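# Chains, contacts and geometry: an overview
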Amino acid sequence: MNNQPKLECNGLTVKDLVTTGIFSAIFFIFTMFGGVFFAVNPVLTFYMPMGSALLCGPIYLLLVAKVHKRWSITILGVIMGIVWFVTGMHWAFSLGYISMGIIADMTAGFGHYKCKKLNMLSYMLISLGGIFTYLIFFIDPEGWAGAMLKNGTEQSYIDAMHTASPSWLPIVMIVGTLFVAAFSAWVGGNMLRKQFEKAGITV
Amino acid sequence: MMGQNQILPLWLDPRTKILLLLLCVLSAMAAPSLQYEFLLVAGIGILGILCGKWKYALKGIVFYAMVYLFTVWAMNSMTGTLRNMFVAFLGLFHKVFPCGMLSGIVISTTKVSEFLSAMNHIHAPKKLIIPLAVMLRYIPTIGEDWRYIKDAMRMRDVSPSFQGFITNPGITIDCVYVPLMMAASKAADELSVAAVTRGIENPNPRTCLIQIRLGAGDAFTTLCFAAFFLAGMYLKEAG
């Protein structure tokens, strides 16, 4: 497939674009699956990014290993943003995924998408995409509650969230998400080495 | 080829569908009351029936009606923590359901070629559109793969349940991820070869057998949804 003509001026071939699309689908399903049990419970809702980060590490690393070119992670982030917005999520959630996608892409790019440590770090960064909604909540609780109430979330849900959110929570959230993402990436890295590199999938 | 064979009362341009989706998200955000949301779902259901998805639309409306009744009952008769749990869950549900239902109708009635051709009309970047189209088509395949994987796991005496995950995490993770990702990367190779064979890399403007154009139906549906959204905003201001 290496002698394929390039699409437009960019280095991404059609194969890379299709791969990105398919892995975005799996990424989306697993993010949803990991997050949904947390998101609906007011006490646990702050830990939702962790739940999402737990499942997607192997998928992300395989995507990077298969494509290893600039822009594919950005595309992943943008698609996540669009899809989450269309399903009616808070706008900061979408924006978080788009911006963290760009940052994660740059991070992995420093190692030319081959360095395992940097790939791991970039997965940790893209996992942070989910916490922006909650950070806005901590920066401006009143305005956030207003926006959410307009979105149709009930007042008592917000109240329950208020009582469940001491001031140390953002730190726990960020560190926890990073930690869970690192664990997931570690499992994913092992899986990649054990199962996929031998099978010649990652070339 | 088979696009216009079945006569449907309403055929919408993919561009209109995207606009409708946006209006639906905005309406769900602005929703001043539960009745308004119910009307929104009913409207989406009518749209689905007109687009030929009457079974899906009816199921959606009936299901939503049941949840609606349950919500009304829960709000009136429940108390304490249980009520809080349900309020949280139902709040999210009512916000997401209309958008999800409309997305389902849009995805199932839009052919990939129509979508790509319409996106070409509005000069959306190809690098974003191809992955998006592939992704939307691949999501149902994941469900299928998952069923096969579950069968295969049972055959090897690995329990595909939460309990199995707790007692035997390593092997369960391997059994779920490895086949799923193997299948995905095989599918990526095959799909891209198929797409190249069909000339996706052709630099000339894309042509499509089905003519993409905006018609009276598009204008009318958009007007209905826009009016509905504005009514919601007005009701919110008034109430």
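Residues numbered from 1 in each chain as written. Chains lettered and ligands numbered in written order. Predicted model: local features only at pLDDT ≥ 70, side-chain atom pairs only at ≥ 80, totals over all residues. Heavy atoms only, no water.

## Section: the overall build of chain B
Each helix and strand in chain B was counted, giving 9 helices and 0 strands. The order of helices and strands in chain B, counted from the N terminus, is α-α-α-α-α-α-α-α-α. The C-alpha extent of chain B, read off along each of the three principal axes, is 55 × 55 × 30 Å. Buried residues in chain B amount to 41% of all 239 residues. Contacts in chain B between residues far apart in sequence, at least 24 positions, make up 75% of those at least 6 positions apart. Total accessible area on chain B is roughly 13200 Å²; 68% of this is exposed by carbon and sulfur atoms. Positive and negative charge centroids in chain B, built from 20 and 13 side chains respectively, lie 5 Å apart. (Helix = DSSP H or I, 4+ residues; strand = E, 2+ residues; numbered from the N terminus. Buried < 20%, exposed > 50% of the residue type's maximum accessible area, 1.4 Å probe, protein only. Contact = heavy atoms within 4.5 Å. Areas by Shrake-Rupley, 256 points an atom, 1.4 Å probe, with all protein chains shown as cover. Lys, Arg positive; Asp, Glu negative; His and termini not counted. Charge placed at Lys NZ, Arg CZ, Asp CG, Glu CD.)

## Considerations on the overall build of chain A
Along the backbone of chain A there are 9 helices and 0 strands. Reading the secondary structure of chain A in the N-to-C direction produces α-α-α-α-α-α-α-α-α. For chain A, buried positions account for 60% of its 203 residues. Surface exposure of chain A reaches about 8400 Å², of which carbon and sulfur atoms provide 72%.

## A look at helix 1 (residues 14-30) of chain B
Residue and element names in this part refer to chain B. Over its 17 residues, helix 1 runs 24 Å from end to end, which matches the ideal 24 Å to within 8%, given 1.5 Å per residue. In terms of residue burial, helix 1 counts as a mostly covered element, since 12 of its 17 residues are buried. Here helix 1 has its buried residues at Pro 14, Thr 16, Lys 17, Leu 20, Leu 21, Leu 23, Cys 24, Val 25, Ser 27, Ala 28, Met 29 and Ala 30. With a side-chain oxygen positioned 2.7 Å from the backbone nitrogen of Arg 15, the residue opening helix 1 is Asp 13. (Expected span 1.5 Å × (residues − 1). Polar contact = N/O pair within 3.5 Å; in protein donor to acceptor, adjacent residues only side chain to side chain.)

## A few points about the side chain of Ser 52 of chain A
All names here are of chain A. By the element assignment, Ser 52 lies in helix 2 (residues 48-67). Ser 52 sits in the buried class, given a relative accessible area of 8%. The residues touching Ser 52, leaving out its near neighbours within four places in the chain, are Thr 31, Gly 34, Gly 35 and Tyr 123.

## Things to note about the packing of helix 4 (residues 91-110) of chain A against helix 5 (residues 116-127) of chain A
Residues and elements named next belong to chain A. Packing of helix 4 against helix 5 brings their axes to within 8 Å, and their N-to-C directions diverge by 170°. On the basis of their axis angle, the class for helix 4 and helix 5 is roughly antiparallel. The residues of helix 5 that touch helix 4, namely those facing Tyr 97, Met 100, Gly 101, Ile 103, Ala 104, Thr 107, Ala 108 and Phe 110, are Leu 118, Asn 119, Leu 121, Ser 122, Leu 125 and Ile 126. Among the residues forming the contact of helix 4 with helix 5, the class breakdown is 10 nonpolar, 4 polar and no charged. (Axes fitted to C-alpha atoms, helices over the stretch in contact; angles between N-to-C directions. Parallel < 35°, antiparallel > 145°, perpendicular 65-115°, else oblique. Nonpolar A, V, L, I, M, F, W, Y, C, P; charged D, E, K, R; others polar.)

## Some thoughts on unusual backbone geometry
Residue and element names in this part refer to chain A. The backbone of His 68 sits at a positive phi, close to 30°, despite the residue not being glycine. Checked against the element boundaries, His 68 lands in the loop between helix 2 and helix 3 (72-86). Overall, the relative accessible area of 26% leaves His 68 in the partly exposed class. With a phi angle near 85°, Trp 71 is a residue other than glycine that sits in the positive phi range.

## Describing the UniProt feature "transmembrane region" (unreviewed entry) in chain B
All names here are of chain B. As recorded in UniProt, the sites labelled "transmembrane region" (unreviewed entry) are residues 54-74, 86-108 and 214-235. Each end of residues 54-74 is marked by a C-alpha atom, and these two atoms are 30 Å apart; helix forms 100% of the span and strand 0%. Helix makes up 91% of residues 214-235 and strand 0%, with an end-to-end C-alpha separation of 31 Å. (UniProt positions renumbered as here; feature names shortened; annotations may be inferred.)

## Considering the UniProt feature "transmembrane region" (unreviewed entry) in chain A
Residues and elements named next belong to chain A. Look at the UniProt record and you will see "transmembrane region" (unreviewed entry) annotated at residues 21-40, 46-64, 71-89, 95-113, 120-139 and 168-188. The span residues 95-113 is 84% helical and 0% strand by assignment, and the distance between its end C-alpha atoms comes to 24 Å. For residues 168-188, the end-to-end C-alpha separation is 30 Å, with 95% helix and 0% strand making up the annotated structure.

## Topic: the nonpolar core
Core analysis: the biggest nonpolar cluster contains 85 residues, and Tyr 60 and Tyr 123 of chain A have the highest contact counts within it. The element that contributes the greatest number of residues to this core is helix 2 of chain A, accounting for 12 residues. Not counting residues up to four positions away in its chain, the partners in contact with Tyr 60 of chain A are Phe 27, Ile 73, Leu 76, Ala 104, Asn 119, Ser 122, Tyr 123 and Ile 126 of chain A. Counting 27 residues, the second-largest nonpolar core is a separate cluster that includes Leu 12, Leu 90, Met 101 and Val 106 of chain B. (Core = buried A, V, L, I, M, F, W, Y, C linked by side-chain atoms within 4.5 Å.)

## Description of the pattern of salt bridges
It is possible for side chains bearing opposite charge to pair when their charged atoms get close. With the rule as written, the count across this model stands at 7 salt bridges over all chains. A salt bridge links Asp 189 of chain B to Lys 66 of chain A; the nearest nitrogen and oxygen atoms lie 3.7 Å apart. Of this pair, Asp 189 of chain B sits in helix 8 (residues 169-197) while Lys 66 of chain A is found in helix 2, placing the two residues in two different chains. Looking at Asp 189 of chain B, the relative accessible area reads 28%, which means it is partly exposed. (Salt bridge = Lys/Arg side-chain N within 4 Å of Asp/Glu carboxyl O.)

## Here we look at the packing of aromatic side chains
Residues and elements named next belong to chain B. Tallying each qualifying case throughout the model produces 12 aromatic pairs over all chains. With 5.0 Å between their ring centres and 35° between their planes, Phe 38 and Tyr 68 make a pair best called tilted. Of this pair, Phe 38 sits in helix 2 (residues 34-50) while Tyr 68 sits in helix 3 (residues 54-77), placing them 30 residues apart in sequence. Under the relative-accessibility criterion, Phe 38 is labelled partly exposed at 27%. An aromatic cluster is present here, built from Phe 38, Phe 63, Tyr 64, Tyr 68 and Phe 97 joined pairwise through their rings. (Phe/Tyr/Trp six-rings, centres within 6.5 Å; stacked < 30°, edge-to-face > 60°.)

## Concerning helix 6 (residues 126-155) of chain B
Quick reminder: α-helices carry 3.6 residues per turn. Residues three or four places apart thus point the same way. Residue and element names in this part refer to chain B. Compared with the 44 Å implied by 1.5 Å per residue over 30 residues, the 43 Å span of helix 6 between its first and last C-alpha is a close match. The largest bend in helix 6 amounts to roughly 30° and is located at Tyr 138, with the proline Pro 140 lying one to four residues further along. With its phi angle positive at about 60°, Asp 157 sits one or two positions after the end of helix 6. (Bend = angle between axes of the 7 residues up to and from the residue.)

## Examining the domain arrangement of chain B
Taken as a whole, chain B is organised into domain 1 (11-111 + 213-234) and domain 2 (125-209). Here domain 1 of chain B and domain 2 of chain B have C-alpha centroids that lie 29 Å from each other. (Domains from an automatic or database assignment.)

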